[in-house]
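Analysis of the macromolecular model
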Amino acid sequence: MKPLAQCRLYTFVDTAYLHGRDPAEIARQLCRGGSDLIQLRAKNSAPAEIRRLAEAIVPVLREAGVGLVLNDHYDIAREFGADLCHLGQEDFFDAGYTQVADLAAEPSAPGIGLSTHGPEQAMRAVAAGPSYIAIGPVYATGTKPGAKPVTLDYVLWAARHITIPWFAIGGINQGNLDQVMAAGANRICAVAAILNAPDIAEACREFKRRLPG
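Residues numbered from 1 in each chain as written. Predicted model: local features only at pLDDT ≥ 70, side-chain atom pairs only at ≥ 80, totals over all residues. Heavy atoms only, no water.

**Focus: helix H1 (residues 23-32)**
Those residues of H1 that sit buried are Pro-23, Ala-24, Ile-26, Ala-27, Leu-30 and Cys-31. End-on, the buried residues of H1 take up no more than an arc of 160 degrees, which puts them together on one face. Residue Asp-22 occupies the N-cap position of H1, its side-chain oxygen lying 3.2 Å from the main-chain nitrogen of Ala-24. At the C-terminal side of H1, Gly-34 shows a positive phi close to 105 degrees. (Buried < 20%, exposed > 50% of the residue type's maximum accessible area, 1.4 Å probe, protein only. Helix = DSSP H or I, 4+ residues; strand = E, 2+ residues; numbered from the N terminus. Arc of directions from axis to C-beta. Polar contact = N/O pair within 3.5 Å; in protein donor to acceptor, adjacent residues only side chain to side chain.)

Below, the structure is given as structure tokens:
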């Protein structure tokens, strides 16, 4: 995969949005559209199902040279040689970890991305030594209906204070992308705006055209 500092568009194979579609084909379209990172997210799936999904999409991503992020399951991320594993606050700090090195000690281990929902969480997350952090949800999102939007104020704060790679996430679409970028984001995660589009590859291309090179 390309260095995180060069990644701009972070997309998802999310089981909540597959609607019976082939995950490998969705991954293929995401790659064709120019995704820099693709996360496999299967929130309500058993480990066996997540492994089946990973087996389907890993060859697609490897052939395209696109980074694989596995959500939540660090053991499966290691098993499949994922580039990164994304963890929420509860999966990392509430599980007793304070430093990424405590979880991913060996050189070949997946890097860690951490969700953050405000400046205090961001500073604590950065101090833990992750590869990147996520800033959000910027807007209300069906992906996490119970999460209160952090608004563009948090994006503005992150642009001023966070020096490691960070991605704005949550309800970002073609209609509000300019506002998010104006607040200082140059890396974004897009889920529904891409997976619900009639042409997934073209939706990715449109985001990539508008994001900074």
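**Thoughts on the pairing of strand S5 (residues 111-116)**
Counting buried positions over the six residues of S5 gives six, a clear majority of the element. Of the two faces of S5, the one holding Gly-111, Gly-113 and Ser-115 and the one holding Ile-112, Leu-114 and Thr-116 are both buried throughout. Where strand S4 (residues 84-87) meets S5, four bridges bridge the pair, whose relative direction is parallel. Directly across from His-86, in S5, lies its bridge partner Gly-113. Read as a crossover between parallel neighbours, the route from S5 over helix H6 (residues 119-127) to strand S6 (residues 132-135) is right-handed. (Pairing = 2+ DSSP bridges. Right-handed = clockwise from strand over helix to strand, strands pointing away.)

**Comments concerning the side chain of Gln-39**
Along the polypeptide, Gln-39 turns up in strand S2 (residues 37-41). Separated by 2.8 Å, the side chains of Gln-39 and Tyr-10 make a polar contact. Other than its neighbours up to four places away in sequence, Gln-39 contacts Tyr-10, Thr-11, Phe-12, Val-13, Val-69, Asn-71 and His-86. (Contact = heavy atoms within 4.5 Å.)

**Some details on the pattern of salt bridges**
Tallying each qualifying case throughout the model produces 13 salt bridges. In this structure, the salt-bridge partner of Asp-36 is Lys-2, at a minimum N-O distance of 2.8 Å. Pair noted here: Asp-36 is in the loop between H1 and S2 and Lys-2 is in the segment before strand S1 (9-14), with a separation of 34 residues, a long-range link. Overall, the relative accessible area of 4% leaves Asp-36 in the buried class. The partner of Glu-25 in a salt bridge is Arg-32, with the nearest N and O atoms 3.8 Å apart. A relative accessible area of 28% means that Glu-25 is categorised as partly exposed. The exposure class assigned to Arg-32 is exposed, which follows from its relative accessible area of 53%. Overlapping salt bridges bring together Glu-202, Arg-205, Glu-206 and Arg-209 as one network. (Salt bridge = Lys/Arg side-chain N within 4 Å of Asp/Glu carboxyl O.)

Purely spatial values, then, with no claim about function.
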